[in-house]
Amino acid sequence: MVRPDVPRATYRLQLNRGFTFAQATELVPYLAELGVSHVYLSPYFKARPGSLHGYDIVDHNALNPEIGSRADLDRLCAALRQHGMGQVLDIVPNHVGVLGADNPWWQDVLQNGHAAVHASFFDIDWERLRDELHGKLLVPVLGEPYGVVLERGELVLAFDAEQGEISIRYGSHRFPLDPQTYPRILAPAAERLRPRLAEEEAALADAFDSLALAFGVLPKVTETAPTRIAERQRSVPLHTQRLARLCARSAEVVRCIEEELQQLNGRPGEPASFDSLDKLLSAQVFRLASWRMAADDINYRRFFDINELAALRVEEPAVFEATHRLLFELVASGQVNGVRVDHPDGLYDPAEYFSRLQHAAAERLPAFTAAIGDAAPPERASPLYMVVEKIIAAFEQLPAAWPVAGTTGYDFANLVNGLFVDASAEAKLTRGYFAFVQGRLDFDEIVYRSKKRIMHVVVAAELNALASLLARIAQANRATCDFTQYSLRAALTEVVACFPVYRTYVTATQVSPEDRRFIDWAVRVAKKKAAASEATVFDFVHAVLSGDLAQQRPETERAHILRFAMKVQQFTGPVMAKGVEDTAFYLYNPLLSLNEVGGDPRRFGVSIPAFHHANAHRAAHWPHAMLATSTHDSKRSEDVRARIDALSEMPAEWRLHVARWRRLNRSRKQKLDELEAPTRNDEYLLYQTLVGAWPDHADEPATRAELGERIERYQIKVVREAKAVSSWINPNEAYEAAYVDFARALLTPPGNERFLADFIPFQRRVAWFGMLNSLAQTLLKLTAPGVPDIYQGCELWQLALVDPDNRRGVDYAPRRQALDAMRAAAGGGGETLGSLARDLLQHIDDGRIKQFVIWRVLGLRREREGLFRDGGYTPLPTAGAKADHVCAYARVIGEDCAIVIAPRLACTLMGGESRLPLGADVWEDTSVDISALPQRTLRDALTGTRVDANAIQNGLLSVAAALDVFPLALLVPDDR
C-alpha cells in the first residue's frame, strides 16, 4: 500500500463568520510552537449565509465568503507552509443545503423537475403513490399549514427583471416558477402593455406576445423523452434571457408584469383573492407544505431528519466530479494534504466513494504518480491522508479494504474514557440511579423503543418508501406475493429497530461475513420481539438484505433487490443516530460520561488489557487513524467527561449527595397537572452536568451568569432530544420553563446557599480527580498509535457541553501567553523544566498544566517522528500493590522507544484525598516490567529529569521513582 503523508498531530478549528481564514492565519505560529503539524479545518466551501458550522454547503466549488476569499485561503496555506505545517479539510459529500435561494442545483430542480440538468444529483422519489405528489417535489418549509400561509399573504410572487425569472418568495426562501407556466402571468401583462405603448413600439408588444406564447409551448417538466428534456434545457435559458432583454428595453414591460404579480399576490382578509395564486402554485413541480408534513410525506432523501439538507447521489460520476472540482484543485496545489469525510454511512457505496476519491487524488499528485511509475495504482492506493467519520461498535471492525487511514476517533475517545471509569462500581452506581428516579430502566428496551419512535414519527416517509419498494419485490414472485405492504413494513421496522450497528456494506459484488452476522443478529432479535408475527416475512426481509434473494431471482429483478438493500443501509444509520445518540442517551443517565457519540453506557469501564488490545490492533491495522477526545459533535468535552468519570469511584458518596440535593431543592419544583417538573431523571442529569461543567471562579458573578445561560440552553436541548415530555416537533414550553427555573434557582441567590454549601466542596473534589484523569487521558492520546487531534481550545481545561455550546469561540490570548511563558521558563533545560512542571501543578486549576503536557509530548513526537508514526505498541506488565492503577506501554522502533506511564482511578488510589499521586507513600512497591525493552539510561521527556539507575531492578521500573515529581511519565533513552 502506498502511504500518504501522515500528520504528526492535528488541531481542529471551527471556521465561521466569527472565526475566518484571517484569524486562523494569525493562529498558525502559536499552533506550530505547540507542536501541531496540521490544522484540521471545518468545511469552508460556500454555505448558507450565517452558517455556524459549514455543513450546509450550497456550492462545493466556491469558498464561503463569510470565512474569506481565495486570497485569504492562499495566505493561510502560505503561513502553514512557512511553518512546516499542512491542512486536513473536513468534506461533506453526502448532502447540500437546499433552502433559501443559494443553491443553484436545487433551484434548477424546483424550476424544471425531471427535466432539470441537476435532477439526477438528488435522491428524489418522483413516483410516490399519492396522486397529489406523483411527479412532484414536496418542500416542507412553511411555518404553518399551506392555506394559512397563503391567505396571510406570506407567499409572494416576485420578478427578477435582470434574469427574466419569476419566483415565489417566502421569507428568505426562493422558489422559481416553471417557465412553462409564465403565460399565466405574461399573457395578462401583455394585454396591459399594448395600450400603453406608442404605435412605433408595436414591435415590442409583438415580441412580448410572441415570448409569452413561446414559454407556453416549452416541454413540460413531466417529459421523459430525452429529446424533449434536452429541448427544454436548451430553450428555458434562451427564453428567460429574451425576457430580460425586453425588460431592459422597456420599463413599461417590467411595470406590467409587476402589476399582474401584485394582483395575483392577493389581499389578506379576502380568501378568494388568493385563488389564482393557489392555482398557479398547484401547477408547479414543487409542492410547498408545512414543515410538519416532512415526517410522513417528504420525498427527497435528507441528512437525518433535517429538511434543509438534501442528500446527493455522489455515487453518480457526474455528481462526484461536480462536487469535488475545487477540492481536487486544492489537493493538486498542495494546499489540502488530507481530508476528513463527513457522514460516510449516508453514502450509497462508501467503499466505492473512497476508492474513487483516492484515485482522483492520485491523478493530481505528481509525487504519487512518480512513486508508482507506469504501474496501475494498487487496490488500496492512498495518496491522500483520509479519515472517515464512522461510528463503530465495540464488537465491530472498520472494513479492511477501505483505502482510508481509519476513523476520526470516536472509538478511541470512548476507549480511553472507559479506562477512567471504575467497572467495579457499576452495580452500586446503577442502583443509586434507579433509586433516585424510582424505577429500573432497561437501556436495551429504551434503544429499541427510541428507534421505533424515530421511524414512526421522524422518518416515517422514508420507511414508507422502503416498504413500498419491498412490496414491489415481493409482488414480483408467486412465492412471496401474498406478503402485504403492512406486514412488510412492520417486519422491516422491527429489523431496523434491532439492528446492532449503524449499517452494513452489502454491494452487488460482496456480502462480508461480518455484514451477514449483523443481519442475522437483527432478524433473529426482531423475530423474538414480534413473536406473534409470521416468521416467513422476516425470512424474506433477511434474504433481501443479505443479497441472497438477488442470487435466486432472475437477472431482471436483481438490480431492484440490491438497490433496496443498499437504500436500507442508508436508512439504518440515521435511525441509529437519532434513536440512540439523540434520544436514548438523554433518557438513560447512570453515568453521563458514557453517553458519548459512538459510546455505549452498557460498557461500564474499560480494563487495562482491553485498552492494550485495542491499541495493539490499531497499531497493526490502522496505525494512522485519528485519535480524538473532543469534537464539534461531542455530547460533552473530554474534561467534562473526565470529571463525571470520577463519580464512578465514589458511588456511595454520590448517592448521598444527590439525595440530599433533592431534599434541599424539592420546594423549587413545580407541578404541571400530574407531572413533576423537572422529572427525577432530568434532575439527576442536571446534577451530573453541574458537577462536570462547573467552572473555576464560578463564585464570580459574570462567570456564574455565563454558566447559567449555557445550562439553560443545554436544558432545552436535553428535554427536546429526550422526547419524553417535550420535543422539537411539539415543545412543552411549560415544562421547559419549569426546568429552566429550577436550574436558575440552584445557581442564583437568595435561597440557594444550603445547596451550594454542600455542592461546591463536593464538586471541587470531583474536579480534582477529573483533572488528574484529563492529564492522564491527554498523555495516552498523544502517545497511543494514531494521529492525535486536539479540538479547538482544549489545550486548557475546556468544560463544554453538546453543540452549540462546544462550538463557542475560543480566547487564544491567554493560551498564547501561557505557551510563551512556558517556552521562556524552560530555556534552561532539565532542571528548569522540572521546576516549571512543579509550579504548574501548584496552579492545576488554570489548565496550563494540560497545555504543558501537550507541548512537551508534541515536541517529542517531532523529535522522534518515526517512532510515533511507525513504531510498534508493547503493553508493559505491572505488578505490586497499586498495579491496577497504572496503565503502561511502550512505543518501539528499532533501538528507540518511549515508555508511557499514566495513573488511573486516582480517587480510589488516593483514598479520596485531593492530592497528587506521587512518590513511594502512594505507589509502594508498584513496578512496570520493562525487561523486554532496550536497557538504557532513561529520562522523562515531560520534566527533563533522569531516572535514577536504582529505580530499575531486574528489568522492573519503580513507579514511585517514575512518578516522584510529576503524575505522568514519558520516558525515553537519555542520548545526552
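(A) Region of interest: the overall build of the chain. When helices and strands are counted, the chain shows 36 helices and 29 strands. The C-alpha atoms of the chain give 31 Å as radius of gyration, which agrees with the globular expectation for 976 residues (30 Å, within 12%). Here the C-alpha coordinates of the chain stretch approximately 110 × 75 × 65 Å along the principal axes. Counted over contacts in the chain with a minimum sequence separation of 6, partners at least 24 positions apart contribute 75%. Accessible area of the chain: about 36,800 Å², with a carbon and sulfur share of 51%. The average position of the 110 basic charges and that of the 125 acidic charges among the side chains of the chain differ by 2 Å.

(B) Structural context of the packing of aromatic side chains. Counted by the stated rule, this structure contains 40 aromatic pairs. Taking the centre distance of 5.8 Å and the plane angle of 40 degrees together, the rings of tyrosine 433 and phenylalanine 434 count as tilted. Overall, the relative accessible area of 10% leaves phenylalanine 434 in the buried class. Seen in terms of ring centroids, tryptophan 694 and phenylalanine 759 are 5.0 Å apart; in terms of plane orientation they differ by 65 degrees. Their pairing is edge-to-face.

(C) A look at helix H32 (residues 848–863). For H32, which comprises 16 residues, the first-to-last C-alpha distance of 23 Å matches the rise-based estimate of 22 Å (1.5 Å per residue) to within 8%. Counting buried positions along H32 yields 13 of 16 residues, so the element is predominantly enclosed.

(D) Broad picture of the side chain of asparagine 752. Relative to the elements of secondary structure, asparagine 752 occurs in the loop between helix H28 (733–747) and helix H29 (753–783). Here asparagine 752 falls in the buried class, since its relative accessible area comes to 3%. In terms of polar contacts, asparagine 752 uses its side chain to reach the backbone carbonyl oxygen of leucine 747, at 3.4 Å. Sequence-distant contacts of asparagine 752, defined by excluding residues within four places in its chain, comprise Arg668, Arg704, Ala745, Leu746 and Leu747.

(E) Examining the sheet that holds strand S24 (residues 896–903) more closely. Across the sheet, which stays open at both edges, the five strands sit in the order S21-S23-S24-S29-S26 with antiparallel pairing between neighbours. Two strands lie at the open edges of the sheet, namely strand S21 (872–875) and strand S26 (938–940), each paired on one side alone. When strand polarity is set aside, the average angle formed by the axes of neighbouring strands in this sheet is 25 degrees. Relative to S24, strand S23 (residues 886–893) runs antiparallel, the two being bridged by eight bridges. Following the sheet pairing, valine 892 is matched in S24 by cysteine 897. In the packing of helix H23 (residues 608–621) onto the sheet, the strands contacted are S21 and S23, and the crossing angle to S23 comes to about 20 degrees.

(F) Here's a closer look at the sheet that holds strand S2 (residues 38–41). Within the open sheet, the eight strands sit side by side as S16-S15-S14-S5-S2-S1-S20-S17. Their pairing is parallel. Taken across any chain shown, the strands that pair with only one partner, and hence form the sheet edges, are strand S16 (406–407) and strand S17 (626–627). The pairing of strand S15 (residues 385–388) with S16 spans two bridges and is parallel. When the bridges of S16 are listed, valine 387 appears paired with glycine 406.

(G) Looking closely at the nonpolar core. The biggest cluster of nonpolar side chains holds 208 residues, and the ones touching the most others in it are Tyr44, Phe611, Phe852 and Ile901. Sort the elements by how many residues they give to this core and H29 lands first, with 14 residues. Residues contacting isoleucine 901, with those up to four places away along its chain left out, are Leu779, Val886, Cys887, Ala888, Val928, Leu957, Ala962, Leu963, Leu968, Ala969 and Leu971. Formed by 72 residues, the second largest nonpolar core is a distinct cluster that contains Leu137, Ile168, Phe175 and Ile298.

(H) Quick look at the packing of helix H19 (residues 513–529) against helix H20 (residues 535–546). Here H19 crosses H20 at 165 degrees, and the two axes come no closer than 10 Å. Judged by the angle between their axes, H19 and H20 are roughly antiparallel. Both H19 and H20 take part in a crossing whose hand is right-handed. In this structure, H19 uses Arg516, Ile519, Asp520, Val523, Ala526 and Lys527 to contact H20, whose residues at the interface are Ala535, Phe538, Asp539, His542, Leu545 and Ser546. In terms of residue class, the contact of H19 with H20 is built from six nonpolar, two polar and four charged.

(I) Highlighting unusual backbone geometry. Across the junction of alanine 677 and proline 678, the peptide omega takes the value 0 degrees, indicating a cis bond. Positionally, proline 678 belongs in the loop between strand S19 (675–677) and helix H26 (680–693). Backbone torsion omega between proline 749 and proline 750 reads -5 degrees, so that peptide bond is classified as cis. Position of proline 750 among the secondary structure elements: in the loop between H28 and H29. Residue phenylalanine 304 is not a glycine yet carries a positive backbone phi of 55 degrees. Locating phenylalanine 304 in the fold gives a position in the loop between strand S12 (302–303) and strand S13 (306–311). Since its relative accessible area comes to 17%, phenylalanine 304 is described here as buried. Phi angles above zero are rare outside glycine, and aspartate 673 is one such case at about 55 degrees.

(J) Looking closely at H29. In a regular helix each residue adds 1.5 Å, so 31 residues correspond to 45 Å; H29 covers 44 Å between its end C-alpha atoms and thus fits that length. For H29, the buried fraction is high: 24 of the 31 residues fall into the buried class.

(K) Fine view of the side chain of aspartate 123. Tracing the chain through its elements places aspartate 123 in the loop between helix H3 (104–112) and strand S7 (137–142). We classify aspartate 123 as buried; its relative accessible area is 15%. A polar contact is formed between the side chain of aspartate 123 and the side chain of arginine 301, at a distance of 2.9 Å. Within the structure, the side chain of aspartate 123 is placed 3.1 Å from the side chain of lysine 567, a separation counted as a polar contact. Apart from the residues within four sequence positions on either side, aspartate 123 is in contact with Asn299, Tyr300, Arg301, Ala311, Arg313, Lys567 and Gln570.

(L) Fine view of the environment of glutamate 270. Within the secondary structure layout, glutamate 270 lies in the loop between helix H8 (251–264) and helix H9 (275–282). The partly exposed category is assigned to glutamate 270, whose relative accessible area is 40%. For the pair glutamate 270 and arginine 152, spaced 118 residues apart in the sequence, the C-alpha separation amounts to 9.5 Å.

(M) A look at the pattern of salt bridges. Counted by the stated rule, this structure contains 70 salt bridges. Where arginine 553 meets glutamate 557, a salt bridge forms, and the shortest distance between an N and an O atom there is 2.9 Å. Each of the two residues, arginine 553 as well as glutamate 557, counts as buried. Measuring nitrogen to oxygen at the nearest pair gives 3.1 Å for the salt bridge that ties arginine 864 to aspartate 896. Of this pair, arginine 864 sits in the loop between H32 and helix H33 (865–870) while aspartate 896 sits in strand S24, and the two are 32 residues apart along the sequence. Comparing arginine 864 with aspartate 896, the two get one shared label, buried. Through salt bridges with shared partners, a single ionic network connects Arg192, Arg196, Glu252, Arg255, Glu259 and Glu260.

(N) Region of interest: the pairing of strand S11 (residues 286–290). Of all five residues that make up S11, four are buried, and the element is covered over most of its length. In this sheet, S11 lies alongside S7 in parallel orientation, the contact comprising five bridges. Paired with valine 139 across the strands is leucine 288, a residue of S11.

(O) Seen up close, the packing of helix H18 (residues 485–497) against H20. Here H18 crosses H20 at 65 degrees, and the two axes come no closer than 9 Å. One way to sum up the angle between H18 and H20 is to call them roughly perpendicular. Crossing angle aside, the handedness with which H18 passes H20 is right-handed. Within the contact between the two elements, H18 uses Ser487, Leu488, Ala491, Leu492, Glu494 and Val495 and H20 uses Val537, Phe538, Phe540, Val541 and Leu545.

(P) Inspection of the environment of lysine 390 at higher detail. One can find lysine 390 in the loop between S15 and S16. It is 26 Å that separates the C-alpha atoms of lysine 390 and asparagine 299, two residues lying 91 residues apart in sequence. Within the structure, the side chain of lysine 390 is placed 2.9 Å from the side chain of aspartate 345, a separation counted as a polar contact. Side chain to side chain, lysine 390 and tyrosine 505 meet in a polar contact 2.8 Å long.

About the cut-offs
- Residue positions are given per chain, counting from 1 as you read along its sequence in written order.
- Where totals are concerned, whole chains, interfaces and linings use all residues; where local detail is concerned, this predicted model gives features only for residues with pLDDT of at least 70, and gives and counts side-chain atom pairs only at 80 or more.
- Values shown for side chains rest on all heavy atoms present in the structure; no hydrogens or waters enter the calculation.
- Note on conventions: DSSP H or I runs of at least 4 residues are helices, E runs of at least 2 residues are strands, and numbering of each starts at the N terminus.
- As a reference, a globule follows 2.2 Å times the number of residues to the power 0.38, and the radius of gyration itself is taken over C-alpha atoms.
- Contact criterion: two residues are considered in contact whenever any of their non-hydrogen atoms come within 4.5 Å of each other.
- Each accessible area value is a Shrake-Rupley result obtained with a 1.4 Å probe; residue values ignore everything except the protein chains displayed when judging cover.
- Only four residue types enter the tally: Lys and Arg on the positive side, Asp and Glu on the negative side; His and the chain ends are excluded.
- Taken as the charge location is NZ of Lys, CZ of Arg, CG of Asp or CD of Glu.
- Planes of paired rings set the category: under 30 degrees apart is stacked, over 60 is edge-to-face and the rest tilted, where pairs are Phe, Tyr or Trp rings (Trp by its six-membered ring) whose centres lie within 6.5 Å.
- Each residue is placed in one exposure class: buried if its accessible area under a 1.4 Å probe, protein chains only, is under 20% of its type's maximum, exposed if it is over 50%, and partly exposed if it falls in between.
- What a helix should span is 1.5 Å times the count of its residues minus one.
- Nitrogen and oxygen atoms within 3.5 Å of one another constitute a polar contact, given that in protein one can donate a hydrogen and the other can accept it, and given that sequence-neighbouring residues count only through two side-chain atoms.
- Any two strands between which DSSP finds at least two bridges are classified as paired.
- Note on geometry: axes are lines fitted to C-alpha atoms, helical ones only across the stretch in contact, with angles between N-to-C directions running from 0 to 180 degrees.
- In this text, buried Ala, Val, Leu, Ile, Met, Phe, Trp, Tyr and Cys residues form a nonpolar core when linked through side-chain atoms within 4.5 Å.
- Angles are sorted into four bins: roughly parallel if under 35 degrees, roughly antiparallel if over 145, roughly perpendicular if 65 to 115, and oblique for all others.
- Helix crossings fall into two classes, left-handed where the near helix is turned counterclockwise from the far one by less than a right angle and right-handed where it is turned clockwise.
- Think of it as three bins: nonpolar holds Ala, Val, Leu, Ile, Met, Phe, Trp, Tyr, Cys and Pro, charged holds Asp, Glu, Lys and Arg, and polar takes everything else, Gly as well.
- The salt bridge criterion pairs a side-chain nitrogen of Lys or Arg with a carboxyl oxygen of Asp or Glu, the two atoms within 4 Å.

Shape is all these values report; function is a separate question.
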